[in-house]
Amino acid sequence: MGRTKGARKRYDFHAHTFLSDGENSPTDMWSAAERVGHRVLALTDHVALEDPTPLLRRLAEEAGAYENGPMTTLIGVELSKVPASKIAEAARRARQAGAQIVIVHGETLMEYVPPGTNHAALAAPDVDLLAHPGLLTEKDADLAHAQGKVLELSARRMHGLTNGHVASLAVASGVDVVVDSDAHRFDELVPLELARRIAQGAGLQPDRVAAALEEAPRRLVKRCASS
Ligand SMILES: [Zn+2]
Ligand SMILES: [Zn+2]
């Protein structure tokens, strides 16, 4: 595996640690990502309406150990099951507390998520990415594009059931998509080749697969780095 950043091609913007419902520590996740060949791994533990500061402070402390390594760490949150009317405020709070990336737990088919979550997330200025959007509407895909948001194709069992739907709306609206692991354990991190097959499996044509694995992630990293 390459030691330089340039040799690393895998970008993953969604994973969990034992600071929420994951099984491993931040260090376990980032060191596994280094071994898998990641260029970027964001740790995005679940938060709702509680103060995100302790979580982000802890992630920031652990990220410090990777500062000069071959991989870029991002720290953030996944706003989960927050009432839709509170999403914009919770996202702002997370940003102010140091989140480099703010993602929202979208309206997956697999569990109850407050209705209106997708729309509120895409309208919120401080949200970067909508995770597993489920049966996203065409209107919300257009909103995502207009707001410069990123949509997620999910490698996570069950959340990925609507990847094909999300991919086809993304192509139609022009919004960026990325392939995230939503790993809750270090061995659920998705290497580049599997991410490529997930993007293909969602029905993306080769140029769109490349966009989902390279251009869209690079734009998102740039945006996170400037926040
Ligand atoms: Zn989620
Ligand atoms: Zn998640």
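The preceding data block contains the structure.
Residues numbered from 1 in each chain as written. Chains lettered and ligands numbered in written order. Predicted model: local features only at pLDDT ≥ 70, side-chain atom pairs only at ≥ 80, totals over all residues. Heavy atoms only, no water.

## Some remarks on the sheet that holds strand E1 (residues 10-12)
Strand order in this open sheet of seven strands is E1-E2-E3-E4-E5-E6-E7, and the pairing throughout is parallel. With one partner strand each, in any of the chains shown, E1 and strand E7 (176-180) form the two edges of the open sheet. When the angles between neighbouring strand axes are averaged without regard to direction, this sheet yields 30°. Two strands pair when backbone bridges link them, and strand E5 (residues 129-131) and strand E6 (residues 150-154) are joined in this way by two bridges, in the parallel orientation. If you follow leucine 130 over to E6, its bridge partner there is leucine 151. In the packing of helix H7 (residues 192-201) onto the sheet, contacts are made with E1, E6 and E7, and the angle to E7 comes to roughly 130°. (Pairing = 2+ DSSP bridges. Helix = DSSP H or I, 4+ residues; strand = E, 2+ residues; numbered from the N terminus. Axes fitted to C-alpha atoms, helices over the stretch in contact; angles between N-to-C directions. Contact = heavy atoms within 4.5 Å.)

## Describing the nonpolar core
Among the nonpolar cores identified, the biggest contains 55 residues, and Leu79 and Leu151 are the most heavily contacted of them. Apart from the residues lying within four places of it in its own chain, the contact partners of leucine 79 are Val47, Ala48, Ile87, Ala90, Ala91, Val102, Ile103, Val104 and His105. Counting residues in hydrophobic clusters, the runner-up holds 15 residues, among them Ile101, Ala131, Val178 and Cys224. (Core = buried A, V, L, I, M, F, W, Y, C linked by side-chain atoms within 4.5 Å. Buried < 20%, exposed > 50% of the residue type's maximum accessible area, 1.4 Å probe, protein only.)

## Some words on the layout of surface pockets
One water molecule sets the probe size; rolling that probe over the atoms shows where empty space is left. Of the voids in this model, the largest pocket is the one considered here, and its volume is about 190 Å³. Across the lining of the largest pocket, the residue classes tally to five nonpolar, one polar and four charged. (1 Å grid on protein atoms, 1.4 Å probe; cavity = no way out; pocket = protein on both sides within 12 Å on 5 of 7 lines; lining within 4 Å. Points joined across faces, edges and corners; volume = space filled by probe spheres on them. Nonpolar A, V, L, I, M, F, W, Y, C, P; charged D, E, K, R; others polar.)

## Overview of the environment of alanine 32
Here alanine 32 lies in helix H1 (residues 26-36). Overall, the relative accessible area of 3% leaves alanine 32 in the buried class. Separated by 134 residues in sequence, alanine 32 and valine 166 have C-alpha atoms that sit 29 Å apart. The contacts of alanine 32, once residues within four sequence positions are left out, are Phe186 and Leu189.

## Details of helix H8 (residues 206-225)
Compared with the 28 Å implied by 1.5 Å per residue over 20 residues, the 28 Å span of H8 between its first and last C-alpha is a close match. Approximately 45° is the largest bend angle found in H8, and it occurs at alanine 212. Residues of H8 that are buried: Val209, Ala212, Leu213, Ala216, Pro217, Leu220, Val221 and Cys224. (Expected span 1.5 Å × (residues − 1). Bend = angle between axes of the 7 residues up to and from the residue.)

## With respect to the pairing of strand E4 (residues 101-105)
Buried residues dominate E4, accounting for five of its five residues. Burial along E4 is two-sided: the residues Ile101, Ile103 and His105 and Val102 and Val104 are all buried. Across four bridges, strand E3 (residues 72-79) lies against E4 in parallel orientation. Bridge pairing links glutamate 78 to isoleucine 103 in E4. In the classification by handedness, the crossover that spans E3, the intervening helix H3 (residues 87-96) and the parallel E4 is right-handed. Both E4 and E5 contribute to a ladder of three bridges, which runs parallel. If you follow isoleucine 103 over to E5, its bridge partner there is leucine 129. (Right-handed = clockwise from strand over helix to strand, strands pointing away.)

## Brief notes about the coordination of the zinc ion (ligand 1)
Within the protein, the zinc ion (ligand 1) binds to Glu78 (OE), His105 (ND1) and His132 (NE2); these donor distances fall in the range 2.0 to 2.2 Å. Of note, the donors binding the zinc ion (ligand 1) are all from one chain and are spaced E-x26-H-x26-H. Between the zinc ion (ligand 1) and the zinc ion (ligand 2) the interatomic distance comes to 3.2 Å, and glutamate 78 is a ligand of both metals. With histidine 105 in strand E4 and histidine 132 in the loop between E5 and helix H5 (138-147), this residue pair connects regions lying 27 residues apart in the sequence. Judged by relative accessible area, which is 5%, histidine 105 ranks as buried. (Donors = N, O, S within 2.8 Å, 3.2 Å for Na, K, Ca; no water.)

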